[in-house]
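# Structural overview
Now for the letters of each chain:
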Amino acid sequence: MIDGRGWRTGAPVEKREIPMYYLKITAYAEDLLDALGHMSGWPERVRAMQANWIGKSVGVRLGFPYDIGPPGADGTRVLHAFTTRADTLMGVTFCAVAAEHPLAAYAARDNAKLAAFIEECKRGPAIESELATQEKKGVPTGLVVRHPISGAAVPVWVGNYVLMSYGDGAVMGVPAHDERDFEFAKKYHLPIKPVIDVAGREYSSSEWAPWYADHGRCVNSGVYDGLEFQAAVDAIAADLNRLGLGEKQTTWRLRDWGISRQRYWGCPIPVIHCGTCGTVPVPDEQLPVVLPVDLVPDGSGNPLLKDEAFLAVPCPRCGVKARRETDTMDTFVDSSWYFLRFACPDSDKAMVDSRVQYWLPADQYIGGIEHAILHLLYSRFWTRVMRELGLVAFKEPFTNMFTQGMVLNDVFFRKADTGRVEYFNPADVEVTLDATAQRRIAVLRSDGEEVESGGVVTMSKSKNNGVDPQALVDQFGADTARLFTMFAAPPEQTLEWSDEGVQGAYRFIKRLWKAVHDHVTLGAPGLLDKSALSDGQRNIRRQAHQTLAKITDDIGRRRTFNTAIAAAMELLNALAKIPQSSRQISPQDGSVMQEALEIAVLGLSPIIPHVTHALWLALGHRTALIDEPWMPVDAAALQSSSIAMVVQVNGKLRGHITVAAGADEGTVRSAALALPHAQKFIGTSAVRKVIIVPGKLVNIVV
Ligand SMILES: [Zn+2]
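## Brief notes about the sheet that holds strand 7 (residues 170-173)
- If you walk across this open sheet you meet the four strands as 5-6-4-7, and the pairing is mixed. The strands lining the two open edges of the sheet, one partner per strand, are strand 5 (138-146) and strand 7. Between one strand axis and the next, the sheet turns through 30° on average, direction left out of account.
- Alignment of strand 4 (residues 94-97) against strand 6 (residues 153-159), held across three bridges, turns out to be parallel. Looking at the pairing, Ala-96 lines up with Trp-157 of strand 6.
- Across the sheet, helix 4 (residues 112-123) lies against strand 5 and strand 6, angled at about 110° from strand 5, the strand it touches most.

Structural data, given as structure tokens:
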């Protein structure tokens, strides 16, 4: 929804009450929340977002009695509201109800201004985040309720920021200690009564300060004066309880999941409506309900509503003519369990079979942060339900979660007078600078007319700013396209699309290709003799195995493919510095080079599989690289030929020496004693003892 209109058609959006089907996810709220604490394989951010969405709050549901107005659903004349700040109850100066609240409708019967405001609210934002930022507006109902403790008259307003779907559709207004209520009270000149003292700070009702909402001690609150937050909540809840006007309550932000969609193409909701029997589930033996495939949507609503052949069905219970449900399911229903079906795609008796127990839960889930809440929460709920039905034995569908960064690209569009927005793919738009080189001009290639630029945003189908990698594949090959995208950024970070890196990726692949073939033309290398290596050969082997260790860790554990690629590039740079002539001299040089190139080729094979497959065969192997096991790191090769040791005099650090690996004690001792900085602290004193911790430190005791 953009500016109150549907983004696709430009039609104005309004709120309407319609019958819907719901899945009772709220029954699982506590378990879904508690389990988040144990899901160590999930990013903290995703867990926090889910916890927030589930939104557990512990507080008090309180009642404000009234004499004039219709009774509530429980038959009493009490306005109910939930608060997490019962300690501020004595600071209530008004109550606000949602536009859909029965008291609002009652008061609007002879109040045209209020009735108009209620209509305006219905056209307002339907999304909570927009509700929070919109301008707070209200109209008094003329009705009053009584404060549950003091009995004072409290005016009732209709507020556009009160949600009927949250709690009881009413809130108590404590402008002194709630920013939203403060804003509302200032606008409509309602009293502001501070009742919490925060560490003796000076309260001023002229301007809001964030600390006004902090916990503190009750003041101006009669018998509750002096009580701290929890004591005040306990005392006030106990008193309300005695009066029959309140009790402690846990509320959840999570709502039941509305799965009804008023559209043709979706998974049918298997329900039949009978004039006599009411709502009847389609019997198992008649499942699945199959949609007609020949209806053409004409823009006037769900075409199923006009298809008699689909609609007319005998009632499964009494046999008289009945009507099929035409709503179809939210697509999130299907995405809540598709991954289970991968384990047993040919199972024709049930959704899943026993194979699901072998393959699932998924070891690693990779998905965008935009799915942190809905899809990933619905899947966790759905898996729990499947478990209760005995279909799976686990509760959590995904053991490890990785949220990859978004890819951003330019957005180009035109907006019609009707409000309809049409987006154009950046590949179809030519961007040039105007004559003064000050302004970018974007022109649609097909008609030569200008299009508007909407900045750089996340690639999406709705904005039509995705890039089809086929063009890259056609020009440079699939491996270049893969290397370029993997190298552009760490996978969890946002990436701004640019074609410039493509050439670099292509050049690197060509260099790798040339390095392998230059080596191969020198003939087959001999067997590597690790016991007879020169210092130079040992250095090459060390760098090659360090690279292998880094790639193994980067790809296998850290999932930082870009740094794995960078390591392979560095290795290739180092190998390029070795003069080719040296390889012709010694067969051992050839076998060291062979090993280093194999490591580069193998290490890059998950990223550029086609090129590395060909290079592996070129290196003399008979089996395909994809059938080779991952190469183990040679720990001996990692060992440096020289090591650095700490030198201490009387236990204090005085410097470092570098000695050959495996040097004997005498050599280490003389090197340490010869260190000028150590000599300065030894001075003329006699050396009493030299303690050597091999490979680590030398302590000279004087
Ligand atoms: Zn019936």
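Let's pick the thread back up.
## Some remarks on the environment of Arg-77
- Mapped onto the fold, Arg-77 is located in the loop between strand 2 (56-65) and strand 3 (78-83).
- Distance in space between the C-alpha atoms of Arg-77 and Leu-625 is 78 Å, their sequence separation being 548 residues.
- Excluding residues within four positions of it along the chain, Arg-77 makes contact with Pro-65, Tyr-66, Asp-67, Gly-69 and Pro-71.

## A look at the domain arrangement of the protein
- Domain assignment breaks the protein into domain 1 (56-252), domain 2 (260-329), domain 3 (407-467), domain 4 (485-638) and domain 5 (642-701).
- Here domain 2 and domain 4 have C-alpha centroids that lie 61 Å from each other.

## A look at unusual backbone geometry
- Note that the residue after Leu-287, namely Pro-288, is joined by a cis bond; omega there is -5°.
- One can find Pro-288 in the loop between strand 14 (278-281) and helix 8 (308-311).
- Put simply, Leu-360 and Pro-361 share a cis peptide bond, and its omega is 0°.
- Position of Pro-361 relative to the elements: it lies in the loop between helix 11 (355-359) and strand 18 (362-368).
- Although it is not a glycine, Arg-559 adopts a positive phi angle of roughly 55°.
- For Arg-559, a count of 15 C-beta atoms within 10 Å translates into the label partly exposed.

## Details of the sheet that holds strand 10 (residues 246-252)
- With respect to topology, three strands assemble into an open sheet ordered 3-2-10, the strand pairing being antiparallel. Each of the sheet's edge strands pairs with one partner strand only, and the pair in question is strand 3 and strand 10. Averaged over all pairs of adjacent strands, the angle between their axes in this sheet comes to 35°, without regard to strand direction.
- Summarising the sheet, strand 2 and strand 10 pair through seven bridges and their orientation is antiparallel.

Rules used throughout
Residues numbered from 1 in each chain as written. Predicted model: local features only at pLDDT ≥ 70, side-chain atom pairs only at ≥ 80, totals over all residues. Pairing = 2+ DSSP bridges. Helix = DSSP H or I, 4+ residues; strand = E, 2+ residues; numbered from the N terminus. Axes fitted to C-alpha atoms, helices over the stretch in contact; angles between N-to-C directions. Contact = placed C-beta atoms within 7 Å. Domains from an automatic or database assignment. Buried ≥ 20, exposed ≤ 12 C-beta atoms within 10 Å, placed from the backbone.

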